[in-house]
Amino acid sequence: MNDAANPLLAPPHLPYALPDYAAIRPEHYLPAFRAAFDEHLAEISAITRVRSMPTFENTMVPLEQSGSLLDRVAHAFYTVSSADATAQIQAIDEELAPLMAAHEDAIRLDAQLYWRVKTLHDQLDELALDVESRYLVERHYREMTHAGAGLDDEHKTRLTALNQMLSTLTTTFEKNLLADTNELAVIFDAAEELDGLTDGELSAAARAATERGLDGKFLVTLPLFTGHPYLASLTRRESRRRIMEASRSRGMRGNEHDNRAVLTDIVALRAERAALLGYDSHAAYVTADETAGTPDAVADLLRRLAPAAASNARTEQAALQAIIDETEAEPFALEAHDWAFYTEKVRTAKYDIDTAALRPWFEAERVLQDGVFHAATQLYGVSFSERHDLVAYHPGARLFEVFNPGGSPLGLYVLDLYTRDTKRGGAWMNPIVSQSALRGTAPVVVNNLNVAQPADGQPTLLTLDEVTTLFHEFGHALHGLFATVNYPHFAGTNVFRDFVEFPSQVNEMWILWAEVLDNYARHHETGEPLDAAIVERLRASETFNQGHDTSEYLAAAWLDQAWHRRGTSDAVTDVDAFEAEALADIGLDNPAVPTRYSSTYFAHVFSGGYSAGYYSYIWSEVLDADTVEWFRENGGLTRENGDRFRARLLGVGGSKDPLEAYRDFRGRDADIAPLLKRRGLG
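All residue numbers refer to position in the chain's written sequence, counted from 1. Local features in a predicted model are, by the rule used here, given only for residues with pLDDT of at least 70; side-chain atom pairs are given and counted only at 80 or more, and totals for whole chains, interfaces and linings are based on all residues. Side-chain metrics in this entry use all non-hydrogen atoms of the structure; hydrogen atoms and water are not considered.

(A) Representation of the overall build of the protein chain within the structure. Secondary structure elements are taken from DSSP: a helix is a run of H or I of four residues or more, a strand is a run of E of two residues or more, and numbering for both begins at the N terminus. For the protein chain, the helix and strand inventory stands at 25 helices and seven strands. What the globule rule says is 2.2 Å times the number of residues to the power 0.38, and the radius of gyration is computed from C-alpha atoms. Its C-alpha atoms give the protein chain a radius of gyration of 25 Å, within 12% of the compact-globule value 26 Å for 682 residues. Whether two residues touch is decided by their heavy atoms; if any such pair falls within 4.5 Å, the residues are in contact. Contacts in the protein chain between residues at least 24 apart in sequence constitute 75% of all its contacts with a sequence separation of at least 6. Only the protein chains shown count as cover for residues, and all accessible areas are computed by the Shrake-Rupley method using a 1.4 Å probe. Carbon and sulfur atoms provide 49% of the accessible area of the protein chain, an area that totals close to 27000 Å².

(B) Region of interest: the sheet that holds strand β3 (residues 383-386). Read across the open sheet, the five strands follow the order β3-β4-β5-β7-β6; overall the sheet is mixed. Bordering the open sheet on either side are β3 and β6 (428-433), each of which pairs with just one other strand. The sheet shows a mean angle of 30° between the axes of neighbouring strands, taken without regard to direction. When DSSP locates at least two bridges between a pair of strands, those strands are taken to pair. Bridge analysis of β6 against strand β7 (residues 444-451) gives five bridges, and the strand direction is antiparallel. Paired with W428 across the bridge in β7 is N448. Axes here mean lines fitted to C-alpha atoms, for a helix over just the part in contact, with angles spanning 0 to 180 degrees between N-to-C directions.

(C) Region of the structure containing the nonpolar core. In terms of nonpolar packing, the biggest core is built from 162 residues, with Y413, W510 and Y520 touching the most fellow members. The greatest single-element share of this core, amounting to 12 residues, is contributed by helix α12 (residues 295-327). Those residues in contact with W510 that sit more than four places away from it in its chain are A375, L379, F471, V516, F631, G636 and L637. Among buried residues, the Ala, Val, Leu, Ile, Met, Phe, Trp, Tyr and Cys ones that are joined through side-chain atoms within 4.5 Å form a nonpolar core. Under the scheme applied here, a residue whose accessible area is under 20% of the maximum for its type counts as buried, over 50% as exposed, and between as partly exposed, the area being computed with a 1.4 Å probe on protein chains only. Of all hydrophobic cores here, the second largest spans 35 residues; its members include I24, L69, I92 and A397.

(D) Spotlight on the packing of aromatic side chains. Whether two aromatic rings pair depends on their centres lying within 6.5 Å, for rings of Phe, Tyr and Trp, where Trp uses its six-membered ring; planes under 30 degrees apart make the pair stacked, over 60 edge-to-face, and the rest tilted. Scanning the model with the defined rule gives 45 aromatic pairs in all. Seen in terms of ring centroids, Y29 and F77 are 5.0 Å apart; in terms of plane orientation they differ by 65°. Their pairing is edge-to-face. Remark: F77 occurs in helix α3 (residues 68-83) and Y29 occurs in helix α1 (residues 29-48); sequence separation between them is 48 residues. Y29 sits in the buried class, given a relative accessible area of 3%. An angle of 80° between the planes, with centres 6.4 Å apart, marks the rings of W563 and F606 as edge-to-face. Here W563 is found in helix α19 (residues 546-564), whereas its partner F606 is found in helix α21 (residues 603-606), with 43 residues between them in sequence. Across this residue pair, the class does not change: W563 and F606 are buried. Among the aromatic residues, those joined into a cluster by ring pairs are F499, F502, W510, W513, W630, F631, F645, Y662 and F665. Note on criteria: charge over ring means Lys NZ or Arg CZ within 6 Å of the ring centre, with the direction from the centre no more than 35 degrees off the ring normal. The residue whose ring lies beneath R237 is F332, and the NZ or CZ to ring-centre distance is 3.8 Å. The aromatic ring of F188 is capped on one face by R242, whose charged end is 4.6 Å from the ring centroid.

(E) Spotlight on the side chain of R139. Within the element layout of this structure, R139 appears in helix α6 (residues 131-147). Assessed through its relative accessible area of 10%, R139 is described here as buried. Ignoring anything within four residues of it in the chain, the contact list for R139 reads D289, H489, F490 and F496.

(F) Layout of empty space enclosed by the protein. Of the two site types, the cavity is a set of points on a 1 Å grid over the protein atoms alone where a 1.4 Å probe fits but cannot get out, and the pocket is an open set with protein on both sides within 12 Å along at least five of seven lines, each lined by residues with an atom within 4 Å of a point. Grid points are joined across faces, edges and corners, and a volume is the space filled by probe spheres set on the points. Per the stated rule, a full pass over the model turns up two cavities of 30 Å³ or more. Roughly 60 Å³ of volume is contained in the largest cavity. As for the largest cavity, its lining consists of L379, Y380, G475, L478, P503, V506, N507, W510, F631, F645 and L650. Elements represented by at least two residues in the lining of the largest cavity include exactly α14 (364-380), α15 (464-482) and α16 (497-507). At three residues, α16 tops the list of elements feeding residues into the lining of the largest cavity. For the lining of the largest cavity, the residue count by class is nine nonpolar, two polar and no charged. Lining the second largest cavity are V372, A375, A376, L379, F471, F474, L478, N507 and W510. With four residues, the top contributor of residues to the lining of the second largest cavity is α14. Residue classes follow a fixed rule: Ala, Val, Leu, Ile, Met, Phe, Trp, Tyr, Cys and Pro count as nonpolar, while Asp, Glu, Lys and Arg count as charged, and any other residue, Gly among them, counts as polar.

Okay, structure coming up:
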């Protein structure tokens, strides 16, 4: 292909260097990657060929400037491969995975580059660098050492082979999961089988069926986590059972999409790599460069929380069983697929709240404009304007220009709300362009959710959980938009994995904040606000069902640790048995409360970036809960508070040790007490 005809290789010409998705075709990606690899290697060679001794200006600055083309191409492609993975895109992803792994190793294991960085690190106190530049040297040296740059050539060769095999396997895991999730979407013949769903939910199920050529039927697609939001509403127990059974069988049906052998291979190779790098386990390797420091620190936190969570879940279970015994003509033992349905009955009885009935007050556009955007405007002074003249990677993705207080341009925000067969499950944020003063780039960030899309003309009514997800992911987006750094290495959410969830979790606090909720929670037909008494009951019920919710999360976090604390001699032949043993070990093996993700569909750790790091959510929540207390103590949703949080935390990106940044914001280390109170564990 003629490079001149490849829009990925042309200089960016759209606002904010947005990729020209209208012109990009799948066949452009691999040639663009190959050209970008070559350019990046040439840039690194130019650094290492310098005969003079290393200086910050002849080593670190060109290192940070290098790879800009590769960053553009990679961000453009991986945005598409996660959100619109057609068969053609998946094929490219599979071919690309080992190539990308090999290229990354060629850079971070380069002996001459490592020598130059190490030389600067050894002289750090003599260099008179500013704070961000000094930290840049420290992080590059730490990361290259951690990656294996100090190994001899023989071990580097094996390390590179391991990384390439792992990249292929993790890509396979994600491909298998997407295919099996699509195959296991549950088909219902009649609306009566979905009794309890709203008209909008039925419309979404009918639309999904029609899109698969199943006119007249109803298709319930599966979210990434165990279970389904519809389980809280469906009155037919058999329908609930079918959905839960489909969800829990993903990746373990003995078909071509079975992930058991894939994940055990991933675990074994990660253990071998960790040993090669001098660590007892993959968990030890990962946590060594996180705020946690060691797997034991993670285990201490999880074991501290698990007994109380499990006890609370058993108390909740007894209350649900009592409802069944009292109300059902033929009582039965509570099972996992019953939990959400009877939880809503208990919630209604205890708090007079039916969360499913709240959906008319959570119309998606209003939640976005008058809730998510409104809170950001009140807190940070930013504003948003939709750009209909720009094209994203999919027709369903919308673009908004974001402006600073005073009107100066800040960046672009892309929202891709709806589920589709080509989109991986879950919700996430990723950058398309990262901010860097050195490169002169401004941020373009994406939020992806998986909300079922109703028929044309029907409103999109969100569940409270979906509202929470939108606020959460927008917290990541704000982090990506606000980080203002010199060096691309520190851009956006490039922070420690067990810190990255903190800003997003903080942003959830505004969901029930009075001036935010009153602005967006309006009935989509009448405009009536959500009744104040209901709001108070929602606040009163915030610790309700926390035994279940905390247990299912902790079970997944522990399962991740169990897989990744294994050494090279600890082979696993039975995935189900291993999982059962791990959950029993921490006392979270209640069949009525399954782990949030079972191993075969645990994408966070087997195809995402959270391997040995799923604990990050609860680890970050210690900071989050403590920060919520700070906002409450200091007046809440004010520009003064927002400016402080933006300047001292969000704005520094990864250019500062995250716990140092937290102390700068809070004035002290975080206290765990607010988390224990929030989770009902105190």
